[in-house]
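Chain and residue survey
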Amino acid sequence: MNMKNIKSLLAITTFAVAAFSMQDFAIAQQANDLKFNKMMKDGFRADGIAGLDRIDQDATQKFCSDPVFSTSKQGEKMREKIQKMNMDSIKQPSDGKYIGDWKKGEAIAQSGRGATWTDKADTPVGGGCYNCHQIDKKEISYGTIGPTLWNYGKLRGYSPEVVTYTWNRINNSKAYNACSNMPRFAHFKLLNEQQIQDVMALLLDPASPVNQ
């Protein structure tokens, strides 16, 4: 191969690499790990409403499944794109109302039912919020993976900015932290709009025991 052909090949290769987006690269990082893919397929089985489609990773999950890449300089740029992609997917309440019924919100926060192989497709899904957060101090059983939410509104105020941030965070926490441990409740249709409004009330209604 002569020098002219080599230069042409290098130019084509450089263009192809530039055109290969960060998102594609992140996905390729995980998609090419055949051992990981085999382990996932061999380790799960479909049962009831829990199908094997649940192990199909989207771009966000693929990115966070590769800690070496996601914490690299190249990964930091991709992290920003992942967060923007998740932020853009969030829908504000269709009726313009952010605050529902805090009593229903407490029941949702307490419930961990729904979406498991033992549930029916129409079983209401709970938020399981106490698994990760302290919310109401009268509840002695709670997780500490996430921050305490006691006095959430009382401490932060009830400004439109706080309300919108809280709505977004419950809907899709990965809009703020690409690899957040918090479930994407709206993204995966775990909680519907009314349920999220009720959880919002638990956190932000001044009458909620959380804010006493």
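Scroll up a little and you will see the structure.
Counting from 1, residues in each chain are numbered in the order their sequence is written. Side-chain atom pairs in this predicted model are given and counted only at pLDDT of 80 or more, local residue features only at pLDDT of at least 70, and totals for whole chains, interfaces and linings cover all residues. Each side-chain value is worked out from all heavy atoms of the structure, with water and hydrogens disregarded.

Some remarks on unusual backbone geometry
- Within the chain, N151 stands out as a residue other than glycine whose phi angle is a positive 60°.
- Secondary structure elements follow DSSP: runs of H or I no shorter than four residues count as helices, runs of E no shorter than two count as strands, and numbering proceeds from the N terminus. With respect to the helices, strands and loops of the structure, N151 is situated in the loop between α7 (102-110) and α8 (152-156).
- At K189, a position not held by glycine, the phi torsion is positive, near 55°.

Let's talk about the state of the cysteines
- Two cysteine sulfurs form what is called a disulfide whenever their separation falls within 2.5 Å. For the coordinates displayed, the defined rule picks out one disulfide.
- Each sulfur in the disulfide pair C64 and C179 lies 2.1 Å from the other. Taking the sign of the S-S torsion, about -95° here, the bridge from C64 to C179 comes out left-handed. Taken together, the residues C64 in helix α4 (residues 59-64) and C179 in the loop between α9 (160-171) and α10 (193-204) connect sequence positions 115 residues apart.
- Using a 1.4 Å probe on the protein chains alone, a residue whose accessible area is under 20% of its type maximum counts as buried, one over 50% counts as exposed, and one in between counts as partly exposed. You can call C64 partly exposed: its relative accessible area is 25%.
- Cysteine C129 is unpaired, with the sulfur of C132 as its nearest cysteine sulfur at 8.7 Å.
- Among the residues examined, C129 registers a relative accessible area of 15% and is labelled buried.

What to know about the packing of aromatic side chains
- Within 6.5 Å between ring centres, the rings of Phe, Tyr and Trp (the latter by its six-membered ring) count as paired, and their orientation is classed by plane angle as stacked under 30 degrees, edge-to-face over 60, tilted in between. Counted under the stated rule, the structure contains three aromatic pairs.
- Pairing F63 with F69 gives two aromatic rings, centres 6.1 Å apart and planes at 85°, and the pair type is edge-to-face. The exposure classification of F63 matches that of F69, with both residues buried.
- For the ring pair Y98 and W167, a centre distance of 5.4 Å and an interplane angle of 85° mean the geometry is edge-to-face. Here Y98, found in the loop between α6 (73-88) and α7, pairs with W167, found in helix α9; they are 69 residues apart in sequence, far enough to count as distant.

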